[in-house]
Amino acid sequence: MRAENYDLVVDMHGQLRTAILVLATGAPVRIGFDRPRAAVWDASPRKFSAEARRHAWQGAREGSWLSYTHHIPVPTLDLHAVDRYLNVGPILGLEDGPPDFSFPIPQAASSRVEALLRRHGLADAPLISMAPGTIWETKHWRSEGFAEVARHFMRKGCSVALIGSARERATCAAVAAAAPGAVNLAGETGLSELAALIRRSTICLTNDSGPMHLAVALDRPVVSVFGPTDPIWIGPYGRPHAVLQAKLSCSPCYLRSLSRCPHDHACMREVSAAVVIDRMETELGHVKHSEHLAASV
């Protein structure tokens, strides 16, 4: 790495392992986030649980800030991760402006998705995509909740695709078993195909997950259930109305495993399927209204 003679390195991750790589480059200019400071919590009018203070992101970790020559300020935590990352812009002399999430989806990926939907009989009805899988146990909304939502929309003539990676196939299978007619596509799409499928969807239902962010980037309607994480920090960007949460005093907590939750996963358990259905119907109503206005113009 040092042989490449880098002039500048930016570390947006801020952990010991990335700090080691930063130093290994020998670059004279090394940029990364500032260290955690107590003042960032005081800058927020909100009250945070002790677990959030212990586990949530609050700056560069594990001493990584020591490897940087320039620090990206962290004035407050009440800032979405997208905007937090964009704070590197002034240091680099970049123009200010709103984030652009656009990205190309290969036509081949779109064609493969259309073939996949036809093969499973999902091509001729409005498509609802659902991503029930998560890496964190605590982010998982219950499978029966996803199934109840799926049954509701299938009764209305929609098709339901359960999406995710291969490791989430068992989770999607549990939803499909409780909602006959929903199709488990977990593991059948690469990243480009997943993006094409979400772009093809009428609306998406997710936990706090990657498909949620893809839906925002592709300007598709999305509803996401949040529990242990903070939607202000990492929710669907610019879509506060797309978030459903129980808003308990213990959340956000940023605990990853259910065994560490002293409240029996209440933050997710107390979000009912009826509330999710109502929010999705509202979002779909906004889409139909917008399409009607566009057609009239």
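Here's what I pulled together on the structure shown here. Quantities reported herein were computed from a predicted structural model and do not represent experimental measurements.

### Here we look at the pairing of strand 5 (residues 159-162)
Thinking step 1. Side chains Ser159 and Ala161 of strand 5 all project onto a buried face; the interleaved residues Val160 and Leu162 project onto the opposite face, where all are buried too.
Thinking step 2. Pairing analysis gives 4 bridges linking strand 4 (residues 127-131) to strand 5, with the strands arranged parallel. Within the sheet, the bridge partner assigned to Leu127 lies in strand 5 and is Ser159.
Thinking step 3. Taken together, strand 4, helix 7 (residues 143-155) and strand 5 constitute a β-α-β crossover, and its handedness is right-handed.
Thinking step 4. As paired strands, strand 5 and strand 6 (residues 183-184) are joined by 2 bridges and run parallel to one another. Each residue of the ladder has a partner; that of Ala161, found in strand 6, is Val183.
Thinking step 5. Following the backbone out of strand 5, through helix 8 (residues 169-178) and into the adjacent parallel strand 6, one traces a crossover that is right-handed.

### Quick look at the sheet that holds strand 5
Thinking step 1. Strand order in this open sheet of 6 strands is 6-5-4-7-8-9, and the pairing throughout is parallel. Only two strands of the sheet have a single neighbouring strand rather than two, namely strand 6 and strand 9 (243-244).
Thinking step 2. Of the strand pairs in this sheet, strand 4 and strand 7 (residues 203-207) are connected by 4 bridges, and their pairing is parallel. Note on strand 7: the bridge partner recorded for Ala131 is Thr206.
Thinking step 3. Strands in contact with helix 7 are strand 4, strand 5 and strand 7; relative to strand 4, the strand with the most contacts, it is inclined by about 175°.

### Remarks on the layout of surface pockets
Thinking step 1. In this structure, the largest pocket encloses a volume near 1,200 Å³.
Thinking step 2. Together, 44 residues line the largest pocket, and Trp136, Lys139, Asp208, Ile234 and Arg256 are the ones closest to its centre.
Thinking step 3. Taken together, the elements giving at least two residues each to the lining of the largest pocket come down to helix 4 (81-86), helix 9 (191-200), helix 10 (210-217) and helix 11 (231-234).
Thinking step 4. The dominant element in the lining of the largest pocket, judged by the number of residues it contributes, is helix 10, at 5 residues.
Thinking step 5. For the lining of the largest pocket, a count of residues per class yields 21 nonpolar, 14 polar and 9 charged.

### Things to note about helix 10
Thinking step 1. Inspection of helix 10 places Pro211, Met212, Leu214, Ala215 and Val216 among the buried residues, and these make up the whole buried set.
Thinking step 2. On the buried face of helix 10, the contacting elements are strand 4, helix 9, strand 7, strand 8 (222-225) and helix 11.
Thinking step 3. Positive backbone phi, approximately 60°, marks Asp219, located one or two places after helix 10.

What counts, and at which threshold
- Residues numbered from 1 in each chain as written.
- Predicted model: local features only at pLDDT ≥ 70, side-chain atom pairs only at ≥ 80, totals over all residues.
- Heavy atoms only, no water.
- Buried < 20%, exposed > 50% of the residue type's maximum accessible area, 1.4 Å probe, protein only.
- Helix = DSSP H or I, 4+ residues; strand = E, 2+ residues; numbered from the N terminus.
- Pairing = 2+ DSSP bridges.
- Right-handed = clockwise from strand over helix to strand, strands pointing away.
- Contact = heavy atoms within 4.5 Å.
- Axes fitted to C-alpha atoms, helices over the stretch in contact; angles between N-to-C directions.
- 1 Å grid on protein atoms, 1.4 Å probe; cavity = no way out; pocket = protein on both sides within 12 Å on 5 of 7 lines; lining within 4 Å.
- Points joined across faces, edges and corners; volume = space filled by probe spheres on them.
- Nonpolar A, V, L, I, M, F, W, Y, C, P; charged D, E, K, R; others polar.

Purely geometric stuff here, so don't read any function into it on its own.
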